[in-house]
Amino acid sequence: MDQWLSLFAPQLQALAELAAHDGHMTRAAETLGIPQSSMSRRIHALESDLRTPLLVHSGRTVRLTPAALALAARIREPLRELGLAVDAVVDEGDGEHGTVRFGFPLTMGSGDLPDLLSAFRRAHPGITVTLKQGHGSALVHDLETGALDLAVTIPPPERLQHTVIGSQEVLATLPRAHPSAGAPRIRLAQLRSETFIANPPDYHLRRTTEQWCADAGFTPEIAVEVTEFATIRELIARGLGVALLPHDERAPSDVVEVPLAGEHRRAIALARATSSLAPATRHLHDFLLDAAGGRARREVSR
């Protein structure tokens, strides 16, 4: 075992990082803090030692072979676990310093989550939290490749350890002049003749919108696709359509949020990249779980 670790650990780390950066040698080398020439030598040495082609060269670009991608996927977590084990010994359990790479959904840029991150910063000033906001599948991908340590995701990821920490209500978001804007609650079927504004098809909320509308007996007419939720609300305020969106306290004054009859909620999860957590990551993980409240937690494993 020691022989294999001493021979392959730097090379396998280089392969895992190269896969995480989609074959971009320069960015992978920068992440590891080594020259690109050293990065290239490690990969070529691994090819030689394994006697297996790992790279396909196409002009100036590099692609990983299926064998390389399969190997990178299998070694990513063991390498990270090894690093965490070493860090734990070196740090002697001091979790008050370090960096946590944390992701959260586009729909949670205001409200409770920023407040919690601010409170965490006051409680643990020595821990740096780098933030990435993205839609669900992008956050899960970053967790799986090791680009993130921890993320709040909607919906909960199937292949990663996570804890369900709550749910998010989705509302009918209408122009203030809409006939149903003053209603206490509306049925989704009442919007069948409306023009919808939605995210692109790879967003979970887009797929959820289409499924809920189908359940209500119609296919939504989606005239505009927008990635930014703030832009969707601005377009609604100008009377260009309606949308199904979670609450946002920063919504324009010409936008009204009306609850939908029935159950229209999405589960929120706190997901982790690995089984073991670095001390600093553990602090943020536990802080967010404590804030969510223990009674609603439901542990889910891969």
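Predicted, not measured: the structure shown is a model, and the values here were computed from it.

Regarding empty space enclosed by the protein
Thought 1: Applying the stated criterion across every chain yields a total of two cavities of 30 Å³ or more.
Thought 2: One number sums up the size of the largest cavity: a volume of about 90 Å³.
Thought 3: Along its surface, the largest cavity is lined by Pro 105, Leu 106, Thr 107, His 135, Gly 136, Ile 154, Tyr 203, His 204, Leu 205, Phe 229 and Arg 266.
Thought 4: Split into classes, the residues belonging to the lining of the largest cavity amount to six nonpolar, four polar and one charged.
Thought 5: Mapped onto the domain boundaries, the lining of the largest cavity takes at least three residues apiece from domain 2 (100-161 + 267-300) and domain 3 (166-265).
Thought 6: Within this model, the second largest cavity holds a volume of roughly 50 Å³.
Thought 7: Forming the walls of the second largest cavity are Phe 196, Ile 197, Ala 198, Asn 199, Leu 205, Thr 209, Ala 243, Leu 244 and Leu 245.
Thought 8: Of all the elements in the fold, those that place two or more residues in the lining of the second largest cavity are strand 7 (195-198), helix 7 (204-215) and strand 9 (243-246).
Thought 9: Within the lining of the second largest cavity, the residues separate by chemical class into seven nonpolar, two polar and no charged.

Comments concerning the packing of aromatic side chains
Thought 1: Applying the stated criterion to the full structure yields three aromatic pairs.
Thought 2: Between Phe 120 and Phe 287, the aromatic rings sit 5.4 Å apart at their centres with planes inclined by 70°, giving edge-to-face as the arrangement. Pair noted here: Phe 120 is in helix 5 (residues 112-123) and Phe 287 is in helix 9 (residues 279-292), with a separation of 167 residues, a long-range link.
Thought 3: You can call Phe 120 buried: its relative accessible area is 1%.
Thought 4: Note on Phe 287: relative accessible area 22%, which makes it partly exposed.
Thought 5: Considering the side-chain rings of Phe 196 and Phe 218, the 6.3 Å spacing of their centres and the 40° angle between planes classify their relative orientation as tilted. Of this pair, Phe 196 sits in strand 7 while Phe 218 sits in the loop between helix 7 and strand 8 (221-225); the two residues are 22 residues apart in sequence, bridging distant segments of the chain.
Thought 6: Overall, Phe 218 belongs to the buried group, its relative accessible area being 8%.

What to know about unusual backbone geometry
Thought 1: With an omega of 0°, the peptide bond running from Ile 154 to Pro 155 counts as cis.
Thought 2: You can see Pro 155 is positioned in the loop between strand 5 (150-153) and strand 6 (162-175).
Thought 3: Here the phi dihedral of Asp 22 falls at roughly 55°; this positive angle occurs in a residue that is not glycine.
Thought 4: Within the element layout of this structure, Asp 22 appears in the loop between helix 1 (2-20) and helix 2 (25-32).

Basis of the calculations
Residues numbered from 1 in each chain as written. Predicted model: local features only at pLDDT ≥ 70, side-chain atom pairs only at ≥ 80, totals over all residues. Heavy atoms only, no water. 1 Å grid on protein atoms, 1.4 Å probe; cavity = no way out; pocket = protein on both sides within 12 Å on 5 of 7 lines; lining within 4 Å. Points joined across faces, edges and corners; volume = space filled by probe spheres on them. Nonpolar A, V, L, I, M, F, W, Y, C, P; charged D, E, K, R; others polar. Domains from an automatic or database assignment. Helix = DSSP H or I, 4+ residues; strand = E, 2+ residues; numbered from the N terminus. Phe/Tyr/Trp six-rings, centres within 6.5 Å; stacked < 30°, edge-to-face > 60°. Buried < 20%, exposed > 50% of the residue type's maximum accessible area, 1.4 Å probe, protein only.

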